[in-house]
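# Residue-level structural notes
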Amino acid sequence: KRRWFEIIGAAPAGTRWVRYWDLAATKAKLGSDPPYTAGCKLGQAPDGTFIIGDMERFRDDGVEVRKSIRFIAIDDGPSCMIGLPQDPGQAGKVQARDYVRMLAGFIVKVLIESGDKITRAEPIAAQSEAGNVKIVRGKWNEEFLAEANDFPGSKHKDQGDALSGAFTTLLGVHTVFAGV
């Protein structure tokens, strides 16, 4: 819910970061409302507080999504871990391997997601409700807060998926794709 998040000016020094991507690959067309690719940059401050430092959200085809993820990784810097989902099956393994290869030079973790979106969101929702999640002021705040406020009833859940994936990756509760 919107009231769970305090907006702050900047993250504290020493915050440890991860950016997790919820992937989509469809451009918006007139009359369509496809999912977004969303990348949540989540950190944990030295005092244990969680900080949402940035949220990227866009629609594009697969090639452009990859380019954007690479450019954003460069902007975030090599100390910001990158988390990616792995879809089930062989195609998901190949996609994960290709992303890891493309992001050579960065720390990349692949998350094999399990459970539905609501179940995956519960751990970060509990931290948010307790006042343990802050948001760095940015142009993305309103879109994120509107989606979070309506979750799980919101039409789009991409930012929520990215946040829950970032939380899981940041805490190291994941399975790394062993084929890389």
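In what follows, the accompanying structure is described. (Residues numbered from 1 in each chain as written. Predicted model: local features only at pLDDT ≥ 70, side-chain atom pairs only at ≥ 80, totals over all residues. Heavy atoms only, no water.)

Space inside the largest pocket adds up to approximately 310 Å³. Taken together, 17 residues line the largest pocket, and the ones lying closest to its centre are W4, A121, A125, A148 and F151. Of all elements in the fold, only α3 (117-129), α4 (141-150) and α5 (158-170) reach the threshold of two or more residues within the lining of the largest pocket. In terms of residue count, α3 provides more of the lining of the largest pocket than any other element does, six residues in total. (1 Å grid on protein atoms, 1.4 Å probe; cavity = no way out; pocket = protein on both sides within 12 Å on 5 of 7 lines; lining within 4 Å. Points joined across faces, edges and corners; volume = space filled by probe spheres on them. Helix = DSSP H or I, 4+ residues; strand = E, 2+ residues; numbered from the N terminus.)

Counting residues in each nonpolar core, the largest one holds 23 residues, and the members touching the most others are F5, C40, L42, I52, I135, F144 and L163. When contributions to this core are tallied by element, the ones reaching two or more residues are β2 (16-22), β3 (37-44), β4 (50-58), β7 (133-136), α4 and α5. The biggest single contributor to this core is α5, with five residues. With sequence-adjacent residues up to four places away left out, C40 is seen in contact with V18, R19, Y20, I52, D54, M55, A162, L163 and A166. Counting 15 residues, the second-largest nonpolar core is a separate cluster that includes I72, I82, V100 and V110. (Core = buried A, V, L, I, M, F, W, Y, C linked by side-chain atoms within 4.5 Å. Buried < 20%, exposed > 50% of the residue type's maximum accessible area, 1.4 Å probe, protein only. Contact = heavy atoms within 4.5 Å.)

An ideal rise of 1.5 Å per residue puts 18 Å on 13 residues; helix α2 (residues 90-102) measures up with 18 Å between its terminal C-alpha atoms. Those residues of α2 lying buried are G92, A96, Y99 and V100. The buried residues of α2 occupy one face: seen down the axis, they fall within an arc of 100°. Turned more than 90 degrees off the buried face of α2, the exposed positions are Q90, A91 and R101. Buried residues along α2 sit against α1 (62-76), β5 (81-85) and β6 (108-111). (Expected span 1.5 Å × (residues − 1). Arc of directions from axis to C-beta.)

Another point: the pattern of salt bridges. Inspection of the entire model under this criterion finds 11 salt bridges. Note that K41 is salt-bridged to D76, the shortest N-O span being 3.6 Å. Note that K41 is positioned in strand β3 and D76 in helix α1, a separation of 35 residues in sequence. K41 gets classed as buried once you look at its relative accessible area, which sits at 16%. Look at D76 and you get buried, because its relative accessible area is 16%. The partner of D98 in a salt bridge is R101, with the nearest N and O atoms 3.4 Å apart. Within this pair, D98 and its partner R101 are both found in helix α2, separated by three residues, close to a single helical turn. (Salt bridge = Lys/Arg side-chain N within 4 Å of Asp/Glu carboxyl O.)

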